[in-house]
Amino acid sequence: MNNSALFIVTVALVGGALRVSTPFMFVALGECLTEKSGRVNLGLEGTLVLGAMAGYAISYRSGSPWLGVLGAGCAGSVLGAMHGYICKLPRVNDIAVGIAMMLFGTGVAFFFGKPYIQPSAPRLDSFSLGAWTGNQEIATALQINPLLIVGIVVGLLMAWAFANTRWGLIVRMTGDSAASARAMGVSVDLVRFLCTTAGGFLAGVGGAFLSLYYPGSWNQGLSSGQGLMAVALVIFARWNPIRCVIAALLFGAAGAIGPALQSIGITQGYYFFNAAPYILTLLIMIASAGSKRAARDVPGELSITK
Amino acid sequence: MTDIAEPLGRAAISLGQWGDLSVRLRRGAEYIAIPLLALAITGVLFSIFLLALGKSPIEFFQLVDRGGFGTAFSVQNTLQRSSPLILTALAVALPARIGLIIIGGEGALVVGGFAAAVVAIPLVTGNVPPLLTLCVMAAAGMLVGAVWIGIVGYLRYARGVNETIASLLMTYIGIAFMNFFVEGSLRDLTNPNKPSTMPIGDAYMVGKIPGTDVHWGLIAGIVLAILLSILLSRTTFGFAVRVAGGNPRAALAQGLPVGKLIVICCAIAGACAGLAGFFEVAAIQGRANASLVAGYGFTGILVSFLARHNPLAIIPVAILFGGIVASGGLIERRMGLPDATVLVLQGLTFVVLLMSETLYGRFKIFQVRGATERT
């Protein structure tokens, strides 16, 4: 591989990281918040799909993509609230509810989304990080969407809030020991309900990014496991919002390997590269699940690693 | 299994209270009544949903009845679709008994069907007798399915990898893996319409059960469900599985080989789903292609949960959902509802069913005085 090809691939990888990573980032941050409070929501894949559909439909109807983003978040928080409410009933397993919510969210999205497969909705605008270079290729590759910035800011805010605010402390305490939270007079169910709802909101916004920016249309194959992979990334990021953001960026770059190699003419194994993100996630899970550091950082009440 | 029989004897003493027949009958009634109640509540909620959309719920349920169970043709169609559902539900039930929530039946079905279609290619061109070919195909499908889910079980035990996420990831990997070959090196170039493997040919297809239009997969599913039910309830292996599922640490303390049991359960589960894939290829499609990804694996999860992971109860529940799936096309045409209607109904059923878990032990009628509280 000569220098110019290497350059193209590098630009494509960075561009891919900037373009593809946003939904991973939002879902991972949402799941991070939920898991910090001691509950697992595996249904975020369904939330992502419903958010994508709702965002697209609202943007099409209202003409405003940002209204679509808000609507997607609200749709996601409805699913999150359902999950949060059901899991607070005694004897209900949060992982099984997550699977049910995944099927339910996808079903509802496909049901109401059918009329929106054809029409074209207004998209979110983007701006370029690479405009100053004067190089057209770089400028195009480094197009970024404001939602990416929002995601990074949310990640930083969450990390700050966990460490420095009373609410952050309450969430962490609820996640580490429900008994001590109760002893402090905190309603464990309420905290987890709110965290799951807020997590659903973030995942819904991530879905809106899929349908309103990249790939930028609504269809039934829009999300194939991104929500699930993001949930797995949280374990890898060891429940730290900043590491969630970094993991999402790395993951976006990894997802761009296939198209990047295609752009310099390596088309062999296109379908293998389709499988690459899943294989990578599985390898990441294998590497991080058994690690001592993960065992140290895991919220004590979490059922996902037991 | 003789090496685990001795500690089991000791474990059995603590479970003696379950021997009381009247307790078991009352508790059994609870396990039937609460899922039925959940189904009824789902029906009401779904009717409200349809009414809100301006559709008639009565028409909907009439169409499910007609499209799924009304005529001889629709009953056969339903049974045809129940066969993969029984097998994929078994793929959920067995790991569930040992405490694992595996949702990768769809992936095992796809790779199992793909493996069956691939081993068939040299056998068909070599004119090997059909019966032998089918046996080899079924074995290949089951073996690959067993390895596929067995890996998930191994990762769970050896590395603590969450089996639910891992098994779903394996599904995506399996589908991408099949597409890689089907659109690449193993593609049948004489079929330009849809990327597929070479067809196995009519002479090599699995036949129908005499007098019906239903393939032998249904019988295979029912027989396997009965066998697995016996395995779970009447053998030392099944007992060990139930002990390990109830309390893995106690099982380890008793000297049960928990890791081995987990991997074996997952492997049997994968073999069931792989067999479903074999029947989809050898009885329906005739080749491996994207049609294998039909959602049977996901419906199977719901079937198993509704049957409370009981292999025998899976049979009627699978037939019920086979009927609902089979009536989907009719509902789409007659009522102008999208094909995802069935998905919404399934999702709603699943959610309500899991909510109903909280009702166990709440009704006095199922409680027997003096019996210990269910945990």
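Conventions and cut-offs
- Along each chain, the written sequence defines residue order, and numbers are assigned to residues from 1.
- To read the labels, note that chains go from A and ligands from 1, taken in the order they are written.
- Residues qualify for local features only when their pLDDT is at least 70, as the model is predicted, and side-chain atom pairs are given and counted only at 80 or more; totals for whole chains, interfaces and linings, by contrast, use all residues.
- In DSSP terms, a helix is any run of H or I states spanning at least four residues, a strand is any run of E spanning at least two, and both are numbered starting from the N terminus.
- To get the radius of gyration, use the C-alpha atoms; to get the globule rule, take the number of residues to the power 0.38 and multiply by 2.2 Å.
- Neighbour counting defines burial: a residue surrounded by 20 or more other C-beta atoms within 10 Å of its own C-beta is buried, one with 12 or fewer is exposed, and intermediate counts give partly exposed, using backbone-placed C-beta atoms.
- We call two residues in contact whenever the C-beta atoms placed from their backbones are within 7 Å.
- The nonpolar class holds Ala, Val, Leu, Ile, Met, Phe, Trp, Tyr, Cys and Pro. Asp, Glu, Lys and Arg form the charged class, and all remaining residues, Gly among them, are polar.
- Expected span of a helix, by definition, is 1.5 Å for each gap between consecutive residues, and there is one gap fewer than residues.
- In plain words, the nonpolar core is the set of buried Ala, Val, Leu, Ile, Met, Phe, Trp, Tyr and Cys residues that C-beta atoms within 7 Å link up.
- Simply put, an axis is a line fit to the C-alpha atoms, just over the touching stretch for a helix, and the angle between two N-to-C directions goes from 0 to 180 degrees.
- Any angle from 65 to 115 degrees is called roughly perpendicular, while one under 35 is roughly parallel, one over 145 is roughly antiparallel, and all others are oblique.
- For a crossing to be left-handed, the near helix must be turned anticlockwise from the far one by less than a right angle; the clockwise case is right-handed.
- Confidence of the predictor at the level of single residues is given by pLDDT, which spans 0 to 100.

## Remarks on the overall build of chain A
Here comes step 1: Helix and strand counts for chain A stand at 14 helices and two strands.
Here comes step 2: At 19 Å, chain A has a C-alpha radius of gyration in line with the 19 Å of a compact globule built from 306 residues.
Here comes step 3: Along the first, second and third principal axes, the C-alpha atoms of chain A reach 60 × 45 × 35 Å.
Here comes step 4: When burial is assessed residue by residue, chain A has 55% of its 306 residues classed as buried.

## As for the overall build of chain B
Here comes step 1: Counting its regular elements, chain B contains 15 helices and zero strands.
Here comes step 2: Taken over the C-alpha trace, chain B has a radius of gyration of 22 Å; the compact-globule value for 375 residues is 21 Å, and the two agree within 12%.
Here comes step 3: Dimensions along the principal axes, computed over C-alpha positions, put chain B at roughly 70 × 60 × 40 Å.
Here comes step 4: Across the 375 residues in chain B, those meeting the buried criterion constitute 51%.
Here comes step 5: Of all intrachain contacts in chain B linking residues separated by at least 6 positions in sequence, the fraction that spans at least 24 positions is 79%.

## Notes on the interface of chain A and chain B
Bring the parts together and some accessible area is lost; that lost area is often taken as the interface size.
Here comes step 1: With 39 residues of chain A at the contact, the number on the chain B side is 38 residues.
Here comes step 2: Elements supplying a minimum of two residues to the side of chain A that touches chain B: helix H4 (94-113), helix H10 (226-236) and helix H13 (270-289) of chain A.
Here comes step 3: For the side of chain A that touches chain B, the element with the highest residue contribution is H4 of chain A, accounting for 13 residues.
Here comes step 4: The residue inventory of the side of chain A that touches chain B, partitioned by class, reads 29 nonpolar, eight polar and two charged.

## Here's the deal with H4 of chain A
Here comes step 1: For H4 of chain A, built from 20 residues, the straight-helix expectation of 28 Å at 1.5 Å per residue is met to within 8% by its first-to-last C-alpha distance of 27 Å.
Here comes step 2: Judged by how many residues are buried, H4 of chain A sits mostly within the fold: 19 of 20 residues are covered.

## As for the nonpolar core
Here comes step 1: Residues Ala28 and Leu233 of chain A together with Leu90 and Ile314 of chain B are the most contacted members of the largest nonpolar core, which totals 225 residues.
Here comes step 2: Counting residues per element, this core draws most heavily on helix H11 (residues 258-285) of chain B, at 19 residues.
Here comes step 3: Setting aside anything within four residues of it in sequence, one finds alanine 28 of chain A in contact with Ala230, Leu233, Val234, Ala237, Cys244, Ala247 and Ala248 of chain A.

## Remarks on the packing of helix H1 (residues 3-36) of chain A against helix H6 (residues 146-164) of chain A
Residues and elements named next belong to chain A.
Here comes step 1: Here H1 crosses H6 at 25°, and the two axes come no closer than 9 Å. Classified by the angle their axes make, H1 and H6 are roughly parallel. Once H1 is placed against H6, the crossing between them reads as left-handed. Contacts from Leu18, Thr22, Met25, Phe26, Leu29, Leu33 and Lys36 of H1 reach H6 at Leu147, Leu148, Gly151, Val154, Gly155, Met158 and Phe162.
Here comes step 2: Its residues assigned to classes, the contact of H1 with H6 comprises 10 nonpolar, three polar and one charged.

## Examining the environment of leucine 79 of chain A
All names here are of chain A.
Here comes step 1: Tracing the backbone shows leucine 79 in helix H3 (residues 65-87).
Here comes step 2: Along the primary structure leucine 79 and leucine 44 are separated by 35 residues, whereas in three dimensions their C-alpha atoms are 8.8 Å apart.
Here comes step 3: Discounting chain neighbours no more than four positions away, the residues touching leucine 79 are Gly43, Gly46, Thr47, Leu50, Met101, Gly105 and Gly200.

## Topic: the packing of H1 of chain A against helix H11 (residues 241-255) of chain A
All names here are of chain A.
Here comes step 1: At a minimum axis distance of 6 Å, the contact between H1 and H11 shows a crossing angle of 140°. It follows that H1 is oblique to H11 by the angle criterion. Seen along the crossing, H1 lies across H11 with a hand that is right-handed. Here Leu13, Gly16, Ala17, Arg19, Val20, Ser21, Phe24, Met25, Ala28, Leu29 and Cys32 of H1 lie close against H11, whose contacting residues are Pro241, Cys244, Val245, Ala247, Ala248, Leu249, Phe251, Gly252, Ala253 and Gly255.
Here comes step 2: Counted by class, the contact of H1 with H11 contains 16 nonpolar, four polar and one charged residues.

## Here's the deal with unusual backbone geometry
Residues and elements named next belong to chain A.
Here comes step 1: Cis geometry is adopted by the peptide bond preceding proline 215, which originates at tyrosine 214 and carries an omega value of 0°.
Here comes step 2: The residue proline 215 is located in the loop between helix H9 (188-212) and H10 in this model.
Here comes step 3: One non-glycine residue, tryptophan 239, lies in positive phi territory at about 60°.
Here comes step 4: Tracing the sequence through the fold places tryptophan 239 in the loop between H10 and H11.
Here comes step 5: Note on tryptophan 239: 21 C-beta atoms within 10 Å, which makes it buried.

## Thoughts on the environment of serine 303 of chain A
Residue and element names in this part refer to chain A.
Here comes step 1: By the secondary structure assignment, serine 303 is in the segment after helix H14 (292-297).
Here comes step 2: Taking the number of C-beta atoms within 10 Å as the measure of exposure, serine 303 has 13 and is therefore partly exposed.
Here comes step 3: Residues serine 303 and alanine 109 lie 194 residues apart in sequence; the distance between their C-alpha atoms is 28 Å.

## Digging into the confidence of the model for chain B
One rule of thumb: low pLDDT means the predicted coordinates there are not for detailed reading.
Here comes step 1: Averaged over all residues, the pLDDT of chain B equals 90, while 93% of them reach at least 70.
Here comes step 2: Within the model, pLDDT remains below 50 along residues 1-16 of chain B, and this stretch shows 16 contacts once partners closer than five positions in the same chain are excluded.

## Here's the deal with helix H2 (residues 21-52) of chain B
Residues and elements named next belong to chain B.
Here comes step 1: Its 32 residues place the ends of H2 47 Å apart at the C-alpha level, agreeing with the 46 Å of an ideal helix rising 1.5 Å per residue.
Here comes step 2: For H2, the full list of buried residues reads Ile34, Pro35, Ala38, Thr42 and Leu50.
Here comes step 3: Of the surrounding elements, those touching the buried residues of H2 are helix H3 (57-70), helix H12 (296-306) and helix H15 (341-356).
Here comes step 4: One or two steps after H2, the chain reaches glycine 54, where phi turns positive at roughly 80°.

## So, the environment of alanine 116 of chain B
All names here are of chain B.
Here comes step 1: Among the structural elements, alanine 116 can be located in helix H5 (residues 105-125).
Here comes step 2: For the pair alanine 116 and leucine 354, spaced 238 residues apart in sequence, the C-alpha separation works out to 36 Å.
Here comes step 3: With sequence-adjacent residues up to four places away left out, alanine 116 is seen in contact with Met137, Ala138, Ala140, Gly141, Gly277, Phe278, Val281 and Ala282.

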